[in-house]
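# Secondary and tertiary structure notes
Read off the chains here:
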Amino acid sequence: MLIKHPADVAPSDITPRAVFDARRDFMRSSAIGIGAALLGAGLPDKAHAVAARGKTLGPLVKSPYSTDEKLNDFDDITSYCNFYEFGTDKSDPARHAHRMATRPWTVSIEGLVHKPKTLDIDDILKVAPLEERIYRLRCVEAWSMVVPWVGIPMSALLRQVEPLGGAKYVEFVTHLDPKEMPGTRRQVLDWPYVEGLRLDEAMHPLTIAALGLYGEVMPNQNGAPIRLIVPWKYGFKSAKSIVRIRFTDKEPLSSWTKSNGREYGFYSNVNPEVDHPRWSQERERRIGEFIKRKTLKFNGYGDQVASLYTGMDLKKHF
Ligand SMILES: Nc1nc2c(c(=O)[nH]1)N[C@H]1C(S)=C(S)[C@@H](COP(=O)(O)O)O[C@H]1N2
Ligand SMILES: [Mo]
């Protein structure tokens, strides 16, 4: 069996934006395709290219951390996704993620804590007032989006279990069900997708447990029902569809670092000075724009987070 290594996945498998748009516009305008899908005869997946609008969440508290930049629209955010469990193409999550059941759903929070707990997602929604957090998301593949997330501070969720003094890191383990997730039948990554943060990064006020976007429950392809958002780090740190959170005293080994530690470090702070070995990180393309813009260190959140890394060589700890 030919195993496709992540090192081979990008950038050749990254659909160029223009090709992606053309394909999506074709799907949208393809009345025959959609008609057939509605009748259940052929092409059914194409009807899911853009997420159906979900249940409204609210009321929402506005956050002082939100950017006032122009939002990407709902269609872009839900049709141009990375969620390799559903396939490596940007359109795969939108086509396949509707198969994932997001109720019932629990998140177990365990490890070096006083009170390990398994929380039901509907109780997590009530842990703290829901906030709207408009953040830039910068992918390591050099594109970015502005997304109006709905979430709660991750610290509010983590405090539920009273971490022990020895806890230094937090590991996030995500959902794995090969029946629902066709992409996991290939060892593109070592499933389940795992990510990790230092405890102070996880507790930082910018870090959220995201439960929705555009005021509605999270579309499946964006990581329903609960995902991590760490806005100053490359997108892959923001693990989707979390089922387990574990406090540890050792640096967690994330799936991307495990697959290729030379390209994907533990910290993965957005840093235009440290190129990915196969491409530059100096610029980024905001989805929907043509001219690339300069990438900002810490994705523009340096005032809030640079102090977390005082004294660290960020070229070594990339
Ligand atoms: N479980 C899981 N989480 C994941 C990924 C993934 O493949 N699986 N991809 C990551 C990457 S590379 C990015 S850029 C963001 C994309 O989030 P979005 O599709 O909501 O824009 O999700 C991250 N979280
Ligand atoms: Mo990414």
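We now turn to the structure provided with this report. All residue numbers refer to position in the chain's written sequence, counted from 1. Chain letters start at A and ligand numbers start at 1, both assigned in the order the entries are written. The predicted nature of this model means local features are confined to residues of pLDDT at least 70 and side-chain atom pairs, given and counted, to a pLDDT of 80 or more, with totals for whole chains, interfaces and linings taken over all residues. Excluded from the side-chain calculations are hydrogens and water; all other atoms, namely the structure's heavy atoms, are used.

In this section: unusual backbone geometry. Here the residue pair arginine 103 and proline 104 is connected by a cis peptide bond, since its omega of -10 degrees sits within 30 degrees of zero. Note on placement: proline 104 falls in the loop between helix 5 (92–96) and strand 2 (106–111). One non-glycine residue, serine 268, lies in positive phi territory at about 50 degrees. Strands are runs of DSSP state E lasting at least two residues, helices are runs of H or I lasting at least four, and both sets are numbered from the N terminus onward. Looking at the secondary structure, you find serine 268 in the loop between helix 9 (255–259) and strand 12 (283–286). One non-glycine residue, asparagine 299, lies in the positive phi region at around 55 degrees. Its location among the elements puts asparagine 299 in the loop between strand 13 (293–294) and helix 10 (302–305).

The working definition used for a salt bridge is a side-chain nitrogen of Lys or Arg within 4 Å of a carboxyl oxygen of Asp or Glu. Inspection of the entire model under this criterion finds 24 salt bridges. A salt bridge links arginine 95 to aspartate 92; the shortest N-O distance between them is 2.8 Å. Of this pair, arginine 95 and aspartate 92 both sit in helix 5, separated by three residues, roughly a single helical turn. Partly exposed residues are those whose accessible area sits between 20% and 50% of the maximum for their type, while under 20% is buried and over 50% is exposed, using a 1.4 Å probe and protein chains only. Look at aspartate 92 and you get buried, because its relative accessible area is 12%.

Following the sequence through the fold, threonine 257 ends up in helix 9. At 2.8 Å, the side chain of threonine 257 forms a polar contact with the side chain of serine 254. Excluding its chain neighbours within four sequence positions, the residues that come into contact with threonine 257 are Tyr264, Gly265 and Phe266. Within 3.5 Å is the distance limit for a polar contact, defined as a pair of N or O atoms, with the added protein rule that one can donate a hydrogen and the other accept it, and that residues adjacent in sequence qualify only through two side-chain atoms. Contact definition: two residues touch when any of their heavy atoms are within 4.5 Å.

What follows concerns the sheet that holds strand 7 (residues 194–198). Here we have five strands laid out as an open sheet, ordered 3-2-11-6-7, and mixed in their pairing. Looking along the sheet, the strands with just one partner apiece sit at the ends: strand 3 (117–120) and strand 7. Neighbour-to-neighbour, the strand axes of this sheet turn through a mean angle of 20 degrees, independent of strand direction. Between any two strands, at least two bridges found by DSSP are needed for them to pair. Sheet topology note: the strand 6 (residues 169–174)/strand 7 ladder contains five bridges and is antiparallel. Paired with valine 173 across the strands is valine 194, a residue of strand 7. With axes taken as lines fitted to C-alpha atoms, and helix axes fitted only over the stretch in contact, angles between N-to-C directions fall between 0 and 180 degrees.

Right, let's talk about the packing of aromatic side chains for a bit. What counts as a ring pair is set by centres within 6.5 Å for rings of Phe, Tyr and Trp (its six-membered ring), and what kind of pair is set by the plane angle: stacked under 30 degrees, edge-to-face over 60, tilted for all other angles. Applying the stated criterion to the full structure yields twelve aromatic pairs. Ring centres of phenylalanine 74 and tyrosine 214 lie 6.1 Å apart, and the angle between their planes is 70 degrees; on these two criteria the pair is classed as edge-to-face. Of this pair, phenylalanine 74 sits in helix 4 (residues 74–79) while tyrosine 214 sits in the loop between strand 8 (208–213) and strand 9 (216–217); the two residues are 140 residues apart in sequence, bridging distant segments of the chain. The class of phenylalanine 74 is buried, set by a relative accessible area of 5%. Residue classification places tyrosine 214 among the partly exposed residues on the basis of a relative accessible area of 27%. Joined through ring pairs, the aromatic side chains of Tyr169, Phe266, Tyr267, Phe298 and Tyr309 make up one cluster. Ring-over charges, as used throughout, are those where CZ of Arg or NZ of Lys falls within 6 Å of the ring centre and within 35 degrees of the ring normal. It is arginine 53 that lies over the ring of phenylalanine 74; its NZ or CZ is 3.7 Å from the centre. Lying across the ring of tyrosine 301, arginine 136 places its NZ or CZ 4.7 Å from the centre.

Lining the immediate surroundings of ligand 1 are 16 residues, of which Tyr84, Glu85, Asn222, Arg227 and Lys240 lie closest. A distance of 3.2 Å is found between an oxygen atom of ligand 1 and a backbone nitrogen or oxygen belonging to asparagine 82. In this structure, glutamate 85 approaches ligand 1 through a side-chain N or O atom, which is 2.8 Å from a nitrogen atom. All accessibility values rest on the Shrake-Rupley procedure with a 1.4 Å probe; residue burial counts only the protein chains present in the view. Calculation on ligand 1 without its partners gives an accessible area of 540 Å², and the protein chains cover 98% of this total. Under this grouping Gly is polar, as are all residues other than the nonpolar Ala, Val, Leu, Ile, Met, Phe, Trp, Tyr, Cys and Pro and the charged Asp, Glu, Lys and Arg. By residue class, the composition of the shell around ligand 1 is eight nonpolar, five polar and three charged. Here a residue counts as near a molecule or strand whenever at least one of its heavy atoms sits within 4 Å of it.

All quantities given are derived from atomic positions and should not be read as evidence of function.
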